[in-house]
Amino acid sequence: MLTAFARAFKTPDLRKKLLFTLAIIVLYRLGSHIPVPGVDYQNVQTCVDQASKGNNSLFGLVNMFSGGALLQITIFALGIMPYITASIILQLLTVVIPRLEALKKEGQSGTAKITQYTRYLTVALAVLQGTGLVATARSGALFGNCSVGDQIVPDRSIFTTIVMVVTMTAGTAAVMWLGELITDRGIGNGMSILMFISIAAGFPGALWAIKASGKLAKGWIEFGTVILIGFVMVALVVFVEQAQRRIPVQYAKRMIGRRSYGGTSTYIPLKVNQAGVIPVIFASSLLYIPALVAQFSNSQAGWKTWIEQHFVKGDHPYYIATYFLLIVFFAFFYVAISFNPEEVADNMKKYGGFIPGIRAGRPTAEYLSYVLNRITWPGSLYLGLIALVPTMALAGFGGANQNFPFGGTSILIIVGVGLETVKQIESQLQQRNYEGFLR
């Protein structure tokens, strides 16, 4: 791996792409530390310290995707989350709205149009989420029981509110632009790289917090145990993410004029974790809704007390069971809308392809659906277990599950993006490396 990186920096064209990507990452991290106008920075730091000690993880998912910028209320506070939400919404609407489905089938021009719609929806969601964040910060509910939570935004005027929302919306647009710059002129998928950097930025602080709060040998035993668990988790995730069921496909020979085409053998790669990290994001977002409703409610009703006891802390058996079942459900749901066996079977039939031993057309679609359901079961159970690692692994470390970096959404994204980026670097190296018969 180190040899590959050394060769990458020796190649002038690839070195420019890597340095450009690093420069964009520096700009992104710099913007994550510039506070929004109208925010009392000292009070924000006081509340951040109290929240880290009190294990307030209500906004933990969004804060993780913003690289810690959400709770700091910076210009990049919303981070990449509006773009992720917009992309998921457009992907779901493509199945429902015929116009979007037609655009998807048009090729590059249709994809460009859908990308434009995603940008517009990202800005609209950024305005909505920015307004919600400002309202939450002004009410003091952003940090829970912070002593100066209601003094984070001293100026309550409409002008200050508009300036804050516009600044955060512009920050989201800038993040989206930086991600597209990396995609066009750098290495890897820009949005994925920025998401990777946002999550990785919280690793050092989370690991040090585990060491500082540990009680065995001044925290070094807990620290070493978490590092060991992290290595095991990374190995497991790499193993499952690379696992796939390869369905062989044979293409018949066709004579067009005097030339013959086809007659080749290939395969359809069906990944064990076909849904990726999307089911975990869906399940986490859905479980935030009851906690948010309970936090913003001023009543002392029984339902609010029940939600606070069972769904706010995240370590209750009800929460764990609901979280696990939601992940399994969304894994099957997302695979069903993202992979269409009938469409794949029709395309194979159109170009003269068939699975050996399976008739073309409807039997092929039924076979693909059968195989997909069989491999989605272990994939969904794997996602559920990985997502519950923070809760289960650190139960003996004082319950500080928000400080555990090697679990759930974070480890899935980091390993997935890391593997994809390394593959792109290797493919570009192979394009520039030609070996003869003799070394």
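Residues numbered from 1 in each chain as written. Predicted model: local features only at pLDDT ≥ 70, side-chain atom pairs only at ≥ 80, totals over all residues. Heavy atoms only, no water.

Draft legend 1. Highlighting the overall build of the chain. Helix and strand counts for the chain stand at 19 helices and five strands. By residue count, 43% of the 439 residues in the chain fall in the buried class. Nonlocal contacts in the chain, meaning residues at least 24 apart in sequence, comprise 71% of its contacts between residues at least 6 apart. Carbon together with sulfur atoms contributes 63% to the accessible area of the chain, which is approximately 23500 Å² in total. (Helix = DSSP H or I, 4+ residues; strand = E, 2+ residues; numbered from the N terminus. Buried < 20%, exposed > 50% of the residue type's maximum accessible area, 1.4 Å probe, protein only. Contact = heavy atoms within 4.5 Å. Areas by Shrake-Rupley, 256 points an atom, 1.4 Å probe, with all protein chains shown as cover.)

Draft legend 2. How the structure looks around helix H17 (residues 362-387). Compared with an ideal rise of 1.5 Å per residue, which puts 26 residues at 38 Å, H17 spans 36 Å between its outermost C-alpha atoms and is within 8% of the ideal. Approximately 30° is the largest bend angle found in H17, and it occurs at Thr376, with the proline Pro378 only one to four residues beyond. (Expected span 1.5 Å × (residues − 1). Bend = angle between axes of the 7 residues up to and from the residue.)

Draft legend 3. Quick peek at the pattern of salt bridges. One pass over the full model with this rule turns up four salt bridges. Residue Arg119 is joined to Glu180 by a salt bridge in which the shortest nitrogen-to-oxygen separation is 2.9 Å. Here Glu180 lies in helix H9 (residues 158-185) and Arg119 lies in helix H8 (residues 108-139), a separation of 61 residues in the sequence. In this structure Arg119 comes out as partly exposed when scored by relative accessible area, which is 28%. Note that Arg362 and Glu366 form a salt bridge whose closest N and O atoms lie 3.2 Å from each other. Placement of both Arg362 and Glu366 in helix H17 is noted, with a separation of four residues, approximately one turn of the helix. (Salt bridge = Lys/Arg side-chain N within 4 Å of Asp/Glu carboxyl O.)

Draft legend 4. A look at the packing of helix H6 (residues 81-96) against helix H7 (residues 98-105). Interaxial distance between H6 and H7 falls to 6 Å at its minimum, and their mutual angle equals 105°. With respect to H7, the element H6 is oriented roughly perpendicular. Each of Leu90, Leu93, Thr94, Val95 and Val96 in H6 lies in contact with H7, whose residues at this interface are Pro98, Leu100, Glu101 and Lys104. In terms of residue class, the contact of H6 with H7 is built from six nonpolar, one polar and two charged. (Axes fitted to C-alpha atoms, helices over the stretch in contact; angles between N-to-C directions. Parallel < 35°, antiparallel > 145°, perpendicular 65-115°, else oblique. Nonpolar A, V, L, I, M, F, W, Y, C, P; charged D, E, K, R; others polar.)

Draft legend 5. Representation of a nonpolar patch on the surface. A contiguous nonpolar surface patch, about 370 Å² in accessible area, is contributed by Ile89, Leu93, Val95, Val96 and Ile97. As for its position among the elements, Ile89 is in helix H6. Using a relative accessible area of 30% as the deciding quantity, one classes Ile89 as partly exposed. (Patch = residues over 30% accessible without salt bridge, like charges linked within 9 Å, V, L, I, M, F, W, Y side chains within 5 Å.)

Draft legend 6. Just the pairing of strand E1 (residues 244-251), in detail. The pairing of E1 with strand E4 (residues 265-271) spans seven bridges and is classified as antiparallel. Bridging across to E4, Val249 finds its partner in Thr266. (Pairing = 2+ DSSP bridges.)

Draft legend 7. Looking closely at the sheet that holds E1. The antiparallel open sheet is built from three strands, whose spatial order is E4-E1-E5. Only two strands of the sheet have a single partner each, and these edge strands are E4 and strand E5 (353-354). Here H17 sits on the sheet and contacts E1 and E4; the angle it forms with E1, its principal contact strand, is near 165°.

Draft legend 8. Region of the structure containing the packing of aromatic side chains. Taken as a whole and assessed by the stated rule, the structure comprises seven aromatic pairs. An angle of 80° between the planes, with centres 5.3 Å apart, marks the rings of Phe282 and Phe330 as edge-to-face. One end of the pair, Phe282, is in helix H13 (residues 278-296); the other, Phe330, is in helix H15 (residues 317-338), with 48 residues separating them in the sequence. Given a relative accessible area of 14%, Phe282 falls into the buried group. Given the relative accessible area of 12%, Phe330 is considered buried. (Phe/Tyr/Trp six-rings, centres within 6.5 Å; stacked < 30°, edge-to-face > 60°.)

Draft legend 9. Summary view of the environment of Asp49. For Asp49, the position within the fold is in helix H3 (residues 41-54). For Asp49, a relative accessible area of 42% corresponds to the partly exposed category.

Draft legend 10. Here's a closer look at the confidence of the model for the chain. With 80% of its residues at a pLDDT of at least 70, the chain reaches an overall mean of 80. Model confidence for the chain, summarised as mean pLDDT per element, is weakest for strand E3 (residues 259-261) at 65 and strongest for H9 at 92. Every residue in residues 398-402 is under pLDDT 50, and counting partners more than four places away or in other chains gives 14 contacts. (pLDDT = per-residue confidence, 0-100.)

Draft legend 11. Looking closely at the side chain of Ser380. Mapping Ser380 onto the fold places it in helix H17. Classification of Ser380 by relative accessible area gives buried; the value is 1%. Only 2.9 Å separates the side chain of Ser380 from the backbone oxygen of Trp377, close enough to count as a polar contact. The residues contacting Ser380, other than those within four sequence positions of it, are Ile327, Val328, Ala331 and Phe332. (Polar contact = N/O pair within 3.5 Å; in protein donor to acceptor, adjacent residues only side chain to side chain.)

Draft legend 12. Molecular detail of the packing of H6 against H8. The N-to-C vectors of H6 and H8 enclose an angle of 130°; their axes lie 8 Å apart at closest approach. Comparing their axes, H8 and H6 come out oblique. Between H6 and H8 the crossing geometry is right-handed. Taking contact as the criterion, the partners of Pro82, Tyr83, Thr85, Ala86, Ser87, Ile89 and Leu90 in H6 are, on H8, Ile114, Tyr117, Thr118, Leu121, Thr122, Leu125, Ala126 and Gln129. (Left-handed = near helix turned anticlockwise from the far one by under 90°.)

Draft legend 13. Quick peek at the nonpolar core. Of all hydrophobic cores here, the largest spans 66 residues; its most connected members are Leu270, Val280, Tyr323 and Leu412. It is H15 that provides the largest number of residues to this core, a total of nine residues. Beyond its immediate sequence surroundings of up to four residues, Tyr323 is in contact with Val280, Ala283, Ser284, Leu287, Ala387 and Leu388. Val44, Ala77, Leu78 and Val134 belong to the second-largest nonpolar core, a separate cluster that totals 21 residues. (Core = buried A, V, L, I, M, F, W, Y, C linked by side-chain atoms within 4.5 Å.)

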